[in-house]
Amino acid sequence: MSRILAVVSQKGGVGKTTTAINIAAAFARRGVKTLLVDMDPQGSVRFGVGLQGSGAGPGIADYLTGARELTAIVRATALPFLRVLLAGTVADSGDHAAYQALVSSSTRLGELLSRARDRGYLVIVDTPPGLGPVVHRVLAAADRVVVPLQCEPLALQTTSQILKGIRTAVAEHPKLKLEGIILTMFEDQNALSRRIADYVRQQLPADLVFDVMIPRTPATVEAFAAGQPVVLRTPDDAAAAAYVALADVLQRRLAK
Ligand SMILES: Nc1ncnc2c1ncn2[C@@H]1O[C@H](COP(=O)(O)OP(=O)(O)O)[C@@H](O)[C@H]1O
Ligand SMILES: [Mg+2]
């Protein structure tokens, strides 16, 4: 599949990590060699994939300082085709400023992501909220970007700003393509949620919003707490099915 796909949003709590983990698991399950990279210094990917261990352990931040080699930070998962690079000890130390400075000043991240892609990996990168220096570095290396957008009342105010911010960031990187916006935590039974989803679709160009919406389901939260992607833990769940459908669409699009 040989692509670098970044999951990015100005906002936190919109489903970036959930999306990154579940798309990665959906691809790996169908035999696509996948590398999931956690660039958020909060390091929550490790909880979602059951790699929490007793502490954060070494990861990308430790590779960037030169303290660890790549082989020492690549983790295997329950899925043979899924490997993970966790955020690393920064998730425990909490020194995000030093981490940002490191990511900005080092060329190792771009080299690492490109090398994985060139070895045939689909590289899926989870990012911290915002369009700060870490996200800029990721976007400089990425081929494609997807943007989760939570179906919540604030979306009515923020959707056009979010699109503008992402477009500006994408424009700075000529090789980068905005693959689309993913509506997340949609509540079918909730009139307000439906209105928000309709509004967002009216506001944005049709080809920029995925038809597939990710519903809000208890199973998604339970799976995260249990350290498993919902697509593996509860495949019959509506959010799991939506993530698999999203991976179908992405697989066709990423091949282009
Ligand atoms: N489809 C969903 N259904 C229910 N809860 C969800 C869903 N997607 C995400 N969540 C929950 O919303 C919160 C934020 O999601 P997360 O993926 O961590 O967002 P971000 O990475 O953007 O901060 C988490 O508690 C997560 O379990
Ligand atoms: Mg996150």
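Starting from 1, residues in each chain are numbered consecutively following that chain's sequence as written. Going through the entries in the order they are written, you letter the chains from A and number the ligands from 1. Local features are withheld for residues below a pLDDT of 70 in this predicted model, meaning they are given only at 70 or higher, and side-chain atom pairs are given and counted only at 80 or more; totals for whole chains, interfaces and linings count all residues. For side-chain calculations, the full set of non-hydrogen atoms in the structure is used, while hydrogens and water are omitted.

Asks: Any chance you could explain the site of ligand 1 here in plain terms?
Replies: By convention in this text, a residue qualifies as near a molecule or strand provided that one of its non-hydrogen atoms is within 4 Å of it. Residues in contact with ligand 1 amount to 14 residues; listed here are only the nearest, G13, K16, T17, T18 and P215. Contact distances for ligand 1 include 2.8 Å between an oxygen atom and a side-chain N or O atom of K16. T18 places a polar side-chain atom, nitrogen or oxygen, 2.6 Å from an oxygen atom of ligand 1. Contact with the protein chains covers 79% of the free accessible surface of ligand 1, which is 550 Å². Secondary structure follows DSSP: runs of H or I at least 4 residues long count as helices, runs of E at least 2 residues long count as strands, and numbering of each begins at the N terminus. Counting only elements with at least two residues in the shell around ligand 1, the list comes to α1 (16-29) and α11 (218-225). The element that contributes the greatest number of residues to the shell around ligand 1 is α1, accounting for three residues. In the scheme used here, Gly and all other residues not listed as nonpolar or charged are polar, with Ala, Val, Leu, Ile, Met, Phe, Trp, Tyr, Cys and Pro taken as nonpolar and Asp, Glu, Lys and Arg as charged. Split by residue class, the shell around ligand 1 holds five nonpolar, seven polar and two charged. As used in this structure description, the phrase polar contact means that two N or O atoms lie within 3.5 Å; if the pair is within protein, one of them must be able to donate a hydrogen and the other to accept it, and residues adjacent in sequence are counted only when both atoms belong to side chains. Here the accessible surface of atoms and residues is derived via Shrake-Rupley with a 1.4 Å probe, and residues count as covered only by protein chains that are part of the display.

Asks: Looking at this structure, how should I read the pairing of strand β6 (residues 144-150)?
Replies: Here is the key point about a regular strand: its side chains alternate between the two faces of the sheet. With a 1.4 Å probe rolled over the protein chains alone, any residue whose accessible area is under 20% of its type maximum counts as buried; one over 50% counts as exposed, and the rest are partly exposed. Counting buried residues in β6 gives seven out of seven residues, a clear majority hidden from the surface. A two-sided burial pattern is seen for β6, the buried positions comprising R144, V146, P148 and Q150 on one face and V145, V147 and L149 on the other. Looking at chain direction, strand β1 (residues 3-7) and β6 are connected through three bridges and run parallel. Each bridged residue has a counterpart across the sheet, and for V7 the counterpart in β6 is V146. In the sheet, β6 pairs with strand β7 (residues 177-184) via seven bridges, with the strands oriented parallel. Counted as the bridge partner of V147 is I181 from β7. A crossover connection joins β6 to the parallel β7 through helix α9 (residues 155-171); in handedness this β-α-β unit is right-handed. When DSSP locates at least two bridges between a pair of strands, those strands are taken to pair. Call a crossover right-handed when, viewed with both strands pointing away from you, the route from the first strand across the helix to the second goes clockwise.

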